[in-house]
Amino acid sequence: MHTILNRWFLWAALAPIATVLSGFFFVAPAASQEAAPDRKPPHTIFGKDKRATNRAMQAMSKALGVKCAYCHLKEGNKINYGADTPRKEVARTMKHVFVDRLVSTSDTTLTYLIGDRPVHLRAVYRADSDSAFIDLSRIQGEHTVAQMRVDAPSAGSGLRCETCHAGSTAVLVPVTEED
């Protein structure tokens, strides 16, 4: 019974997040692209139109504490928003592999390389009768090298970049000996 209640609470807490994300992040279906071949297909997963994309990018910039050129290629005095960059790929990966999977499964791990060493970023959604939160950890080899806990978004709010980033690209803090 306890497991059923935890799953229900998890679903009740994460369902609004999934709903918000599905509206906040949008990938146009292939059929609509074929129906209007003279229209340029969207290059973003973060909005259904230019206005929604701009709102999403402003929220992401604020959540990470960066300006547009942090992810987008700056050429002279202009920003080339269409060019792919490594940081744009990180944003896509975080959205698809990390956030979407966390919402659907409540436990996800993303592995990336620093040099030739794999680093694992793990997020686990946890809830008890009084609160809900996300435990984040960075694992290198067999050791947790950094960890933090963030409050899960309130009911009706979505899981967004700012949930964990809170205005900084540096998310995880080093583990101290007292931990």
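Residues numbered from 1 in each chain as written. Predicted model: local features only at pLDDT ≥ 70, side-chain atom pairs only at ≥ 80, totals over all residues. Heavy atoms only, no water.

Visitor: Help me get a handle on the side chain of Lys 95, residues and values and all.
Guide: Counting through the fold element by element, Lys 95 comes out in helix H4 (residues 86–105). Classification of Lys 95 as buried rests on a relative accessible area of 9%. At 2.8 Å, the side chain of Lys 95 and the side chain of Asp 100 are in polar contact. (Helix = DSSP H or I, 4+ residues; strand = E, 2+ residues; numbered from the N terminus. Buried < 20%, exposed > 50% of the residue type's maximum accessible area, 1.4 Å probe, protein only. Polar contact = N/O pair within 3.5 Å; in protein donor to acceptor, adjacent residues only side chain to side chain.)

Visitor: I'd like to hear about the pattern of salt bridges, residue by residue, with values.
Guide: Tallying each qualifying case throughout the model produces seven salt bridges. A salt bridge links Asp 84 to Arg 92; the shortest N-O distance between them is 2.6 Å. Several salt bridges converge on common partners, so that one network encompasses Asp 84, Glu 89 and Arg 92. (Salt bridge = Lys/Arg side-chain N within 4 Å of Asp/Glu carboxyl O.)

Visitor: Now, about the packing of aromatic side chains: what can you tell me, with residues and values included?
Guide: A ring pair, where both rings are aromatic, is described by two values, the distance of the centres and the angle of the planes. With the rule as written, the count across this model stands at zero aromatic pairs. Stacked on the ring of Tyr 70, the Lys or Arg Arg 87 has its end atom at 3.8 Å from the ring centre. (Phe/Tyr/Trp six-rings, centres within 6.5 Å; stacked < 30°, edge-to-face > 60°. Lys NZ or Arg CZ within 6 Å of the ring centre and 35° of its normal.)

Visitor: Which residues make up the nonpolar core, and what values do they have?
Guide: Formed by 18 residues in total, the largest nonpolar core has its most connected members in Ile 134 and Leu 136. When contributions to this core are tallied by element, the ones reaching two or more residues are H4, strand E4 (117–127), strand E5 (132–140) and strand E6 (143–151). It is H4 that contributes the most residues to this core, four residues altogether. With six residues, the next largest nonpolar core counts Phe 46, Ala 56, Leu 64 and Val 66 among its residues. (Core = buried A, V, L, I, M, F, W, Y, C linked by side-chain atoms within 4.5 Å.)

Visitor: Now, about the pairing of E4: what can you tell me, with residues and values included?
Guide: Where strand E3 (residues 107–114) and E4 come together, eight bridges link them in antiparallel fashion. Paired with Leu 113 across the two strands is Pro 118, which belongs to E4. Linking two consecutive strands that pair antiparallel, namely E3 and E4, is a turn of two residues; a positive phi of about 65° is found at Gly 115 within it. Judged from the nine bridges that link them, E4 and E5 form a sheet pairing that is antiparallel. If you follow Arg 126 over to E5, its bridge partner there is Phe 133. (Pairing = 2+ DSSP bridges.)

Visitor: Describe in detail unusual backbone geometry, supporting the description with residues and values.
Guide: Although it is not a glycine, Ser 106 sits at a positive phi angle of roughly 70°. Inspection of the secondary structure assignment puts Ser 106 in the loop between H4 and E3. Phi at Ala 166 is positive, roughly 45°, even though this residue is not glycine.

Visitor: Explain the layout of surface pockets residue by residue, including any values.
Guide: Put simply, the second largest pocket is a space of about 880 Å³. Considering the residues around the second largest pocket, the lining is formed by 32 residues, among which Val 90, Met 94, Leu 121, His 165 and Thr 169 are closest to the centre. Those elements that place two or more of their residues in the lining of the second largest pocket are helix H3 (50–64), H4, E3, E4, E5 and helix H5 (161–165). Per-element tally for the lining of the second largest pocket: the top contributor is H4, with 10 residues. By residue class, the composition of the lining of the second largest pocket is 24 nonpolar, three polar and five charged. (1 Å grid on protein atoms, 1.4 Å probe; cavity = no way out; pocket = protein on both sides within 12 Å on 5 of 7 lines; lining within 4 Å. Points joined across faces, edges and corners; volume = space filled by probe spheres on them. Nonpolar A, V, L, I, M, F, W, Y, C, P; charged D, E, K, R; others polar.)

Visitor: An account of the confidence of the model for the chain is requested, with residue identities and associated values reported.
Guide: Averaged over all residues, the pLDDT of the chain equals 75, while 71% of them reach at least 70. For the chain, per-element mean pLDDT is lowest for helix H2 (residues 30–35), which scores 36, and highest for strand E1 (residues 73–75), which scores 93. Of the regions scoring below 50 in pLDDT, residues 1–42 engages in 47 contacts with residues more than four places distant in sequence or in other chains. (pLDDT = per-residue confidence, 0-100. Contact = heavy atoms within 4.5 Å.)

Visitor: Break down the environment of Phe 98 for me, citing the residues and quoting the values.
Guide: Within the secondary structure, Phe 98 sits in helix H4. Classification of Phe 98 as buried rests on a relative accessible area of 5%. Not counting residues within four places of it along the chain, the set of residues in contact with Phe 98 comprises Thr 93, Thr 108, Leu 110, Leu 121, Arg 122, Ala 123 and Leu 136.

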